[in-house]
Amino acid sequence: MPERPTARSSSPSSPDPSSPSAAGPFPPESRAAVVTALRTAGCVFAEDEAELILAAARSPGELTALVDRRASGLPLEQVLGWAGFRGLRVLVEPGVFVPRRRTEFLVEQAVAQAPDARVVVDLCCGSGAVGAALAAALGPAELHAADIDPAAVRCARRNIGPLGGRVHLGDLFEALPAGLRGRVDILAANVPYVPTAEVGLLPSEARDHEPTVALDGGADGLDVLRRVTAGAPAWLAPGGCLLVETSERQTPAAVEAFTRAGLTPRLAVSAELYANVVIGTKP
C-alpha cells in the first residue's frame, strides 16, 4: 500500500533548511506561524514541510496560499509542484499520483538487471518519475511511457519530454507504438495494487487527491499486474525484464503470475524502504 512521502525524502536538489536562503525572504516569526498552522492541520513533519513551503513562496500572499492548500489536505508535493525522486525534481500536478520513495528501489533493480538497456518503457507512468530516473541512470536510451489518465500523460510529458522520451495515452500496451514489440529491454510497471476494499483506508492525501485508477488494483490488488505480466512477453526483447512493485502479502500470487506468463521470476526486497519488486526475465 502506498506510503505518504515527503518532498524532501529523496531529493538532494531540494532546499537545504540549514542554509540562510532556505526560508526565503520571511522573518523567523513567519516560520513559527507556518509550523503552527501545519501542525494544527495534522502535518506530522510540520517543521520540514514549513522549510520547503517557505523556500517556495515568493511573497507573503503566496505563502498564505501555499499553507492554506497544504492545511486543506493537499499532498505537499502537489502544493510545491514537485517531488524528490532519486535525486531528481519530478514535476507533480494536482490530481496526479505522487511518486513514492519506495519506488526508487524498482529503478535501482532495473538498472542493476539491465545496465545496458537501450529501449525502456514506463507503464502506468503517472508523473513519469520512473522513466525519468531510468533515463538519468542509463544514459542514452529510447524511452517511452504510457498511462490511461490524461492528466498523468500531460504531467509525464513535462518530465520525460525534455529527456527525449515519448508519452502515450491509453490502456497499458494498447497505448504503445507497435514497433516496440519484441524490443523492450526494461519494462517498468508501477501498477496500482491496493485492493478495492482497502482504498477507503488510505490516508486522505492519497484517497482524496490522487486518481483512483492509480490506486485501485481490483479485488485482491493484482488485476492490473496480471494483465501486464500476461502481455509483457510479446513486448520484451530476449533477455528483457519486467519489473512490478507489489506488497509483501501479494508477492506469492504475483510471482505465480510471472511464471504463468513464461517469465523467469525473481523477488527483490528492501526492508529499509518496505519495497517488494518482482522481476521477470524473458528467456
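Provided above is the structure to which this section pertains.
Treat the numbers as computed from the prediction; the structure is a model and nothing was measured.

### Some thoughts on the pattern of salt bridges
Side-chain pairs of opposite charge can arise where the charged atoms are in close proximity. Going through the model one piece at a time under the given rule, you end up with 15 salt bridges. Where R58 meets E62, a salt bridge forms, and the shortest distance between an N and an O atom there is 3.1 Å. R58 sits in the exposed class, given a relative accessible area of 70%. Since its relative accessible area comes to 23%, E62 is described here as partly exposed. Measuring nitrogen to oxygen at the nearest pair gives 3.2 Å for the salt bridge that ties E256 to R260. Residue E256 and its partner R260 are both found in helix α10 (residues 251-260); the two are separated by four residues, about one turn of the helix. Linked by salt bridges that have partners in common, E49, R70 and E205 make up one network.

### What about the environment of N276?
Mapping N276 onto the fold places it in strand β9 (residues 275-281). Overall, N276 belongs to the buried group, its relative accessible area being 9%. Taking the C-alpha atoms as reference, N276 lies 6.2 Å from E248; in sequence the two are 28 residues apart. For N276, the contacting residues outside a window of four places in its chain are V244, E245, T246, S247, E248, T251, L267, A268 and V269.

What counts and how
Residues numbered from 1 in each chain as written. Predicted model: local features only at pLDDT ≥ 70, side-chain atom pairs only at ≥ 80, totals over all residues. Heavy atoms only, no water. Salt bridge = Lys/Arg side-chain N within 4 Å of Asp/Glu carboxyl O. Buried < 20%, exposed > 50% of the residue type's maximum accessible area, 1.4 Å probe, protein only. Helix = DSSP H or I, 4+ residues; strand = E, 2+ residues; numbered from the N terminus. Contact = heavy atoms within 4.5 Å.

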